[in-house]
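Coordinates in review
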Amino acid sequence: MDVSFLGGPRPQRGVGVVAPFDFALDRELWRWVPDEISLHMTRTPYVPVEVSLDLARLVSEHETLHEAVRTLNAIVPEVVAYACTSGSFVGGIAGERAMCAAMTRAGAVPSLTTSGALLDALTELGVRRVALVTPYTVSVTRSLEEYVAEAGVSVAGCAYMGLTRHIWKVPYRQVSEMAHKAVRADAQALFISCTNLPTYDVIPQLEAELRIPVISANQVTMWAALRRLGTRAVGPYQALIDPAARSGPVRPEIPGLPEVRELPDGEQQQEGWT
């Protein structure tokens, strides 16, 4: 059978992705990627540590990043993305920039991280007050709050789940419930943290309900990586990747929205919200 009329496979442009060993949402990343882009995934080595600040530091060590990026060099990606939120905010802004520099040295291509992409997305949307949803414990959530505060962005509400493992199993229903708990009337946007937390299908619905932009870890990672290639992420109507979605009505003042309590001291491994 002559198939020459098909013309062969289309030329592909590559995005290298370095993810933690427990990352389970490869397919979610692919859903934001146009047909002409390929994702080339690699993972950091396994360590027997639950999700925590210790794990975030282990999976973001420069030696670990160097080895991970080296495994991608033979594929010659045009950009490398580190797909882990906590691993890229645990060292603050200086730590995130150092990670990008280390990856670029290892691969000789532009590099970015999820937390760096978060700050770029907030700038793109003109957001100075953001609500946060995390699956993390108290200490990891507080570290994220400190990271965005260092960038000059105030936290307008925060809800956390207190999980230390199996984050990819959290259902959309719970993500939505936590989003509604986190958002106060003065929030300009909502960020849903952790690349291992499923968010793809829930973003447009939450934007319609909350009347503010909703961004997530995997979304901002792919948005930033594809922007480096001069192309756009694809997906259902959402403010970050479709400028037309940013002109919707301003979220009204809603009586009875919960006030935000400060994170309690100590490492409380429980589900809750602040």
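Here goes a summary of the coordinates provided.

The next thing to look at is the overall build of the protein chain. Looking only at helices and strands, the protein chain features 10 helices and nine strands. By the burial criterion, 54% of the 274 residues in the protein chain qualify as buried. Contacts in the protein chain between residues far apart in sequence, at least 24 positions, make up 76% of those at least 6 positions apart. Carbon together with sulfur atoms contributes 52% to the accessible area of the protein chain, which is approximately 12200 Å² in total.

Turning to the packing of helix H8 (residues 172–182) against helix H9 (residues 202–210), a few remarks are in order. Packing of H8 against H9 leaves a shortest axis separation of 11 Å and a crossing angle of 30 degrees. Comparing the axis directions of H8 and H9 gives the class roughly parallel. The element H8 and its partner H9 pack so that their crossing is right-handed. Packed against H8, whose contacting residues are Tyr 172, Val 175, Ser 176, Ala 179 and His 180, the element H9 presents Val 202, Leu 206, Glu 209 and Leu 210 at the interface. Its residues assigned to classes, the contact of H8 with H9 shows six nonpolar, two polar and one charged.

Before going further, it helps to examine the environment of Val 79. Note that Val 79 resides in strand E3 (residues 79–82). Given a relative accessible area of 0%, Val 79 falls into the buried group. In contact with Val 79, other than residues within four places in its own chain, are Gly 14, Val 15, Gly 16, Val 109, Pro 110, Leu 112, Ala 225, Arg 228 and Leu 229.

Turning next to helix H10 (residues 217–228). Residues that lie three or four places apart on an α-helix share one face, since the helix turns once every 3.6 residues. The terminal C-alpha atoms of H10 lie 17 Å apart, and with 12 residues this matches the ideal 16 Å at 1.5 Å per residue to within 8%. Within H10, 10 of the 12 residues are buried, leaving the element largely enclosed by the surrounding structure. If you check which residues of H10 are buried, you get Ala 217, Asn 218, Gln 219, Val 220, Thr 221, Met 222, Trp 223, Ala 224, Ala 225 and Leu 226. Positive backbone phi, approximately 80 degrees, marks Gly 230, located one or two places after H10.

On to the pairing of E3. In regular strands, side chains alternate between the two faces of the sheet. What you see with E3 is no split at all: Val 79 and Ala 81 on one side and Val 80 and Tyr 82 on the other are buried throughout. Judged from the four bridges that link them, strand E1 (residues 13–19) and E3 form a sheet pairing that is parallel. The partner of Gly 16 across the bridge, within E3, is Val 80. Across three bridges, the pairing between E3 and strand E4 (residues 111–113) is parallel. From the neighbouring strand, Ala 81 faces E4, where its bridge partner is Leu 112.

Here Ala 106 is to be found in helix H5 (residues 92–107). A relative accessible area of 11% means that Ala 106 is categorised as buried. Non-local contacts of Ala 106, meaning those with residues more than four positions away in its chain, are made with His 66, Val 69 and Asn 73.

All right, on to the sheet that holds E4 then. Taken together, four strands build an open sheet; the order of strands is E2-E1-E3-E4 and the sheet is parallel. Edge positions in the sheet fall to strand E2 (37–43) and E4, since each of these pairs with one other strand and no more. Pairwise comparison of adjacent strand axes, ignoring direction, gives a mean angle of 25 degrees for this sheet.

Here the focus is the packing of aromatic side chains. Summed over the entire model, instances satisfying the criterion amount to four aromatic pairs. Between Phe 89 and Tyr 136, the ring centres sit 6.1 Å apart and the planes meet at 70 degrees, which makes this aromatic pair edge-to-face. Pair noted here: Phe 89 is in helix H4 (residues 85–89) and Tyr 136 is in the loop between strand E5 (129–134) and helix H7 (138–150), with a separation of 47 residues, a long-range link. Joined through ring pairs, the aromatic side chains of Phe 89, Tyr 136 and Tyr 147 make up one cluster.

It is worth spelling out unusual backbone geometry at this point. In the Ramachandran plot, Ala 108 falls in the positive-phi region, its phi being about 55 degrees despite a non-glycine side chain. Taking the relative accessible area as the measure of exposure, Ala 108 reaches 68% and is therefore exposed. Despite not being glycine, His 166 has its phi angle at roughly 55 degrees, a positive value. Relative to the helices and strands, His 166 resides in the loop between strand E6 (154–160) and H8. In this structure His 166 comes out as partly exposed when scored by relative accessible area, which is 36%.

The rules we used
- Residues numbered from 1 in each chain as written.
- Predicted model: local features only at pLDDT ≥ 70, side-chain atom pairs only at ≥ 80, totals over all residues.
- Heavy atoms only, no water.
- Helix = DSSP H or I, 4+ residues; strand = E, 2+ residues; numbered from the N terminus.
- Buried < 20%, exposed > 50% of the residue type's maximum accessible area, 1.4 Å probe, protein only.
- Contact = heavy atoms within 4.5 Å.
- Areas by Shrake-Rupley, 256 points an atom, 1.4 Å probe, with all protein chains shown as cover.
- Axes fitted to C-alpha atoms, helices over the stretch in contact; angles between N-to-C directions.
- Parallel < 35°, antiparallel > 145°, perpendicular 65-115°, else oblique.
- Left-handed = near helix turned anticlockwise from the far one by under 90°.
- Nonpolar A, V, L, I, M, F, W, Y, C, P; charged D, E, K, R; others polar.
- Expected span 1.5 Å × (residues − 1).
- Pairing = 2+ DSSP bridges.
- Phe/Tyr/Trp six-rings, centres within 6.5 Å; stacked < 30°, edge-to-face > 60°.

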